[in-house]
2 protein chains.
Amino acid sequence: MELDERKKTILKLIIATYLETGEPVGSRTISKFNDLNLSSATIRNEMADLEELGYIVQPHTSAGRIPTDKGYRFYVDNLMEEKEEAEVEKSTLLERVDRMELLLKQVAKVLAYNTNYATLVTAPKYRKTIKFIQLSKVDEETLLAVIVVEGNLIKNQIIPIDTILDNEDVLKFNILLNTFLQGASLEDINLEMINAMKKQSGEYSVILDQIFQGIVDAVNEANELEIYTSGATNILKYPEIGDISKTSELLEKFEDKEELSHLLEETTGNKDDSHYIQVYIGEENPVQNMEDCSIVTATYKMPEGATGTIGIVGPKRMDYKKVVSTLKNLTIELDDIFSKRKGVNEDG
Amino acid sequence: MELDERKKTILKLIIATYLETGEPVGSRTISKFNDLNLSSATIRNEMADLEELGYIVQPHTSAGRIPTDKGYRFYVDNLMEEKEEAEVEKSTLLERVDRMELLLKQVAKVLAYNTNYATLVTAPKYRKTIKFIQLSKVDEETLLAVIVVEGNLIKNQIIPIDTILDNEDVLKFNILLNTFLQGASLEDINLEMINAMKKQSGEYSVILDQIFQGIVDAVNEANELEIYTSGATNILKYPEIGDISKTSELLEKFEDKEELSHLLEETTGNKDDSHYIQVYIGEENPVQNMEDCSIVTATYKMPEGATGTIGIVGPKRMDYKKVVSTLKNLTIELDDIFSKRKGVNEDG
DNA sequence: GTTAGCACTCGAAAGATTTGAGTGCTAATA
DNA sequence: TATTAGCACTCAAATCTTTCGAGTGCTAAC
């Protein structure tokens, strides 16, 4: 059964009121909206219908109604009008900073501050190709490998070696490594390439193995999805999220960040839509023990096509309108920053 | 008034019982300890004395007694016998890992897992002198500076430049920088040195400024006190720490880490005593809003003399004995790791 | 289709009652 | 003089009771 206009209006009023007050909404409250001109009895009839259809429920017999997940979903998809583009305050939230890491930390912080929810931000994800390798001798037993990958992300690796090398040897290695590896990603490094390099390195092929290991480790590390979080303690502000033990589990997820990465990987790049906004409500969301939460994520893009995610975790009773507009704002700002200065510096 | 032996015994029993049960301890409970052979009435008299002296209080008239801060302090200083050195299980808690950062993160995690309290760990603090600088050209507009400071801590800095340099210029800069800066710490770099370098660099003195800025930034960053935390959510397990708002404030401190650094700076290096253990009880502790917590810290040492701190934050009702022995254990293990492999690699 | 009216439900808040662990004091005892 | 038995007293916590009112569903009238 389709909802007629009046039912939609009433559902919208119920949800909007509930979002504001947090109390179950009764029929009299709704009947008082004077553009409706209906008695509470009529509203009650309509409410009974809406309940039967699964959009709202009563916490107990003699209480008002609150939205179900289905109700929220309908609200977000059909009833909630977003702020007009013009209305959105284009306030500059972000301070420009050089290093990617600091920038994203800042994004997480600003978002938490503006929404009062727990926030998460991932670094942009793209194919990490090697741009430049610099091997230097730190002392007799150790080499330092500095690997710069696409996007100016820099990784260091200390490599212990058995054989003593002189400076000339190190120079040779540098040339060898850069010749073969520049522009390569992890997947490009295959046995064939390794053997070719070993052949050229002659007597030093054992050391090459050690160096290789270091480089692979570093690039692997660069490929790890980095997650920045902020405002996790905001979760404590929302008692509806659950009792202490549930809250605690949630907070642990934010401390670990492990599970969050699964969540964010699912959201990223599902669509080409720019600033793709995704809303998970209650049971919909892919992480365990988060049935009482809603998650809203947005995707930002770098000019080179790399994408990252910013998102918030909060209670189902959440100001979706505000959250969506704040997220849009921030992604626009981020896109802006990235397009204006090509290559914000990264550093791990 | 000095406490006589019997009062000491009774105080010890009260505190030990309270640590175990968390309930106020009544006179009958104590009188049942059969090595005491005293009636509850006698205990009551002694308890009244102990209360007058400020070691214990009643939460309300008809309740048993709980320790005051003064009581805990006396217990920790005089009554609690630590586990015999031999008794301490010398279990190896730490997995060996290469990078300092990962090692310390692991320490924080292990400690949290073993104690069920919130833990904090600082990296060792010492005078960071420059060991080695390597400048390389990434592309026409960017230089990469790699700065290795004492302790194999590596910092990278991307330096944007206006003028185009060829490889020979970069080589010259490398020699210049290393000649002047090797062995220097931040304080050693003064105007005189800068001017001398500028003189030698001739036409490139403007670029030198840019490079300098990058290096100073990097060394500054290396000097920042890094703090690793774990198990912050354990705070939720201890309701005695306070209501939601207090708990929340505490958790925020752990998210920020800012304030924690003040705390840890105070504890570090107060004494030469190896594995110096420090206990702050309730009001004693130097951080605001932590009156209901106790903090226990221990100092570890690297062979070169650098020291760092590991510590835990928990409720005043804490198993001090266990915590102290766990901390001692871990610092011993850490010292061991550092002494066996000189120079665990650091990386920021 | 809408509404006024009414009996009914049930959670939340406030008050009353009971229970028991624990105390302080006093007077007797060793 | 130190210890103890005994007893009246206190008070938090648990449990039950009462009251209150917001909100409902249903019915009959408009």
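So, a few notes on the structure that sits alongside this text.

Cut-off values and rules
- Residues numbered from 1 in each chain as written.
- Chains lettered and ligands numbered in written order.
- Predicted model: local features only at pLDDT ≥ 70, side-chain atom pairs only at ≥ 80, totals over all residues.
- Heavy atoms only, no water.
- Buried < 20%, exposed > 50% of the residue type's maximum accessible area, 1.4 Å probe, protein only.
- Helix = DSSP H or I, 4+ residues; strand = E, 2+ residues; numbered from the N terminus.
- Pairing = 2+ DSSP bridges.
- Near = heavy atom within 4 Å.
- Polar contact = N/O pair within 3.5 Å; in protein donor to acceptor, adjacent residues only side chain to side chain.
- Nonpolar A, V, L, I, M, F, W, Y, C, P; charged D, E, K, R; others polar.
- 1 Å grid on protein atoms, 1.4 Å probe; cavity = no way out; pocket = protein on both sides within 12 Å on 5 of 7 lines; lining within 4 Å.
- Points joined across faces, edges and corners; volume = space filled by probe spheres on them.

## A few points about the pairing of strand β4 (residues 130–139) of chain A
Residues and elements named next belong to chain A.
Next, step 1: Taken across its ten residues, β4 has seven buried, putting it largely inside the fold.
Next, step 2: One ladder, built from eight bridges, connects β4 with strand β5 (residues 142–149); its direction is antiparallel. Residue pairing across strands places I130 opposite V149, the latter belonging to β5.
Next, step 3: The hairpin turn running from β4 into β5, its antiparallel successor, is two residues long.

## A closer look at the protein's contact with DNA strand C
Next, step 1: Near DNA strand C there are 21 residues, and of these R6, T42 and S62 of chain A together with S27 and R65 of chain B occur at the shortest range.
Next, step 2: Close to the protein, within 4 Å, the atoms of DNA strand C are drawn from sugar and phosphate at a rate of 75%.
Next, step 3: S39 of chain A places a main-chain nitrogen or oxygen 3.1 Å from a phosphate oxygen of DNA strand C.
Next, step 4: With respect to DNA strand C, the side chain of T61 of chain A contributes an N or O atom lying 3.3 Å from a phosphate oxygen.
Next, step 5: Of all the secondary-structure elements, those providing two or more residues to the surface near DNA strand C are α3 (40–52) of chain A together with α3 (40–52) of chain B.
Next, step 6: Ranked by the residues each element gives to the surface near DNA strand C, the list is headed by α3 of chain A, at four residues.
Next, step 7: Tallied by class, the residues present in the surface near DNA strand C amount to four nonpolar, 13 polar and four charged.

## Some details on the layout of surface pockets
Next, step 1: Its boundaries defined by the atoms lining it, the second largest pocket holds a volume of some 770 Å³.
Next, step 2: Lining the second largest pocket are 25 residues, and of these Q134, L171 and N174 of chain A together with Q134 and L171 of chain B sit closest to its centre.
Next, step 3: Mapped by element, the contributors of at least two residues to the lining of the second largest pocket are β4 and α6 (167–181) of chain A together with β4 (130–139) and α6 (167–181) of chain B.
Next, step 4: For the lining of the second largest pocket, the class distribution of residues is eleven nonpolar, eleven polar and three charged.

## Focus: empty space enclosed by the protein
Next, step 1: Scanning the entire structure with this criterion turns up five cavities of 30 Å³ or more.
Next, step 2: Looking at the largest cavity, its volume works out to about 100 Å³.
Next, step 3: Residue lining of the largest cavity: eleven residues in total, with A123, P124, K128, A222 and E224 of chain B positioned closest to the centre.
Next, step 4: The calculated volume of the second largest cavity comes to roughly 80 Å³.
Next, step 5: Around the second largest cavity, the lining is made up of twelve residues, and of these A123, P124, K128, A222 and E224 of chain A lie nearest the centre.
Next, step 6: For the lining of the second largest cavity, the per-class residue count stands at six nonpolar, one polar and five charged.

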